[in-house]
Amino acid sequence: VEGYVASCPLKQCQVPVETALKALRDQDEEWRDVLKCEVVVGLHPDQATGGILELARALGRPFAVVPCCTFADEFPERRLTGDRPVRTYDDLVEWMLAFEGTSPEKGFLMFFGKNL
């Protein structure tokens, strides 16, 4: 599957955060307001999980993410200690906790459903 995904002409969430930030800075005032956000939030962000962490790091903002699917085949570069690939939900949480340049904490939301 990784080979198929790599061969696709269109990949989701593949615009580097720095490229997106530059584009925002070049836009009108309405879009530049995005750069003034106080927190970056992702609820069930699918393929945007890593982008949310990168954006928070680039802007120096706190973030909250309730992750969902790992999309392991689309992000083979995500690795854990010992060069293990991120394949499961628990792996994704571990990867997020170790994301370079951030200091995340793990918590639980007090309601039913995926809430780690």
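Calculation criteria
The residue numbering used here restarts from 1 in each chain and proceeds along that chain's sequence as written. Local features in a predicted model are, by the rule used here, given only for residues with pLDDT of at least 70; side-chain atom pairs are given and counted only at 80 or more, and totals for whole chains, interfaces and linings are based on all residues. Side-chain calculation: all heavy atoms of the structure are included, whereas hydrogens and water are not. Secondary structure is summarised from DSSP: a helix means a run of H or I of at least four residues, a strand means a run of E of at least two, and numbering begins at the N terminus for each. Whether a residue is buried, partly exposed or exposed follows from its accessible area with a 1.4 Å probe, protein chains only, as a fraction of its type maximum: under 20%, in between, or over 50%, in that order. What sets the accessible areas is the Shrake-Rupley method with a 1.4 Å probe; for residues, cover comes only from the shown protein chains. Each Phe, Tyr or Trp ring (for Trp, its six-membered ring) is paired with any other whose centre lies within 6.5 Å, and the angle between the two planes then decides the class: stacked below 30 degrees, edge-to-face above 60, tilted in between. Here, a charge over a ring means that NZ of Lys or CZ of Arg falls within 6 Å of the ring centre while also lying within 35 degrees of the ring normal. The definition of a nonpolar core used throughout is a set of buried Ala, Val, Leu, Ile, Met, Phe, Trp, Tyr and Cys residues joined through side-chain atoms within 4.5 Å. Any pair of residues with heavy atoms lying within 4.5 Å of one another is described as a contacting pair. Between N-to-C directions, angles span 0 to 180 degrees; the directions come from axes that are lines fitted to C-alpha atoms, helices contributing only their stretch in contact. Under this scheme an angle from 65 to 115 degrees is roughly perpendicular, one under 35 degrees roughly parallel, and one over 145 degrees roughly antiparallel; angles in between are oblique. In this scheme, a crossing is called left-handed if the near helix is turned counterclockwise away from the far one by less than a right angle; it is called right-handed if the turn is clockwise. Note on residue classes: Ala, Val, Leu, Ile, Met, Phe, Trp, Tyr, Cys and Pro are nonpolar, Asp, Glu, Lys and Arg are charged, and everything else, Gly too, is polar.

Novice: Now, about the overall build of the protein chain: what can you tell me, with residues and values included?
Specialist: Helices and strands together make up the secondary structure of the protein chain, namely five helices and four strands. Helices and strands in the protein chain line up, N terminus first, as α-α-α-β-α-β-β-β-α. Burial analysis of the protein chain (116 residues in total) assigns 30% to the buried set. Element-wise, carbon and sulfur atoms account for 57% of the exposed surface of the protein chain, whose accessible area totals about 7900 Å².

Novice: Go over the packing of aromatic side chains with me, naming the residues and quoting the values.
Specialist: Applying the stated criterion across every chain yields a total of one aromatic pair. Aromatic pair W95 and F99: ring centres 5.3 Å apart, planes at 75 degrees, arrangement edge-to-face. When the ring centre of F75 is taken as reference, the NZ or CZ atom of R78 above it lies at 4.0 Å. Just above the ring of W95 sits the side chain of R78; from NZ or CZ to the centre is 4.4 Å.

Novice: Pulling in residues and values, what's your account of the nonpolar core?
Specialist: Generally speaking, soluble globular proteins have nonpolar side chains that are buried together. V40, I52, L53, A56, V65, L80, V86, L92, W95, M96 and F99 form the largest nonpolar core, which has eleven residues in total. Listed by contribution, the elements that provide at least two residues to this core are α4 (49-59) and α5 (89-97). If near-sequence neighbours (up to four positions away) are discounted, M96 is found in contact with T49, L53, V65, P67, T102 and P104. Residues V17, L21, L35 and L59 belong to the second largest nonpolar core, which totals five residues.

Novice: How would you sum up the packing of helix α2 (residues 17-25) against α4? Please name residues and give values.
Specialist: Relative orientation of the contacting elements α2 and α4 amounts to 60 degrees, with a least axis distance of 10 Å. Comparing their axes, α4 and α2 come out oblique. The element α2 and its partner α4 pack so that their crossing is right-handed. Residues V17, E18 and L21 of α2 form the contact with α4, whose own contacting residues are G51, E54, L55, A58 and L59. Grouping the constituent residues of the contact of α2 with α4 by class yields five nonpolar, one polar and two charged.

Novice: Can you tell me about the environment of L55, naming the residues and giving the values?
Specialist: Checked against the element boundaries, L55 lands in helix α4. Note on L55: relative accessible area 23%, which makes it partly exposed. With 39 residues separating them along the chain, L55 and P16 place their C-alpha atoms 9.6 Å apart. Those residues within four positions of L55 in sequence are excluded, and the remaining contacts are V17, L21 and V40.

Bear in mind that shape data such as this cannot, by itself, settle questions of function.
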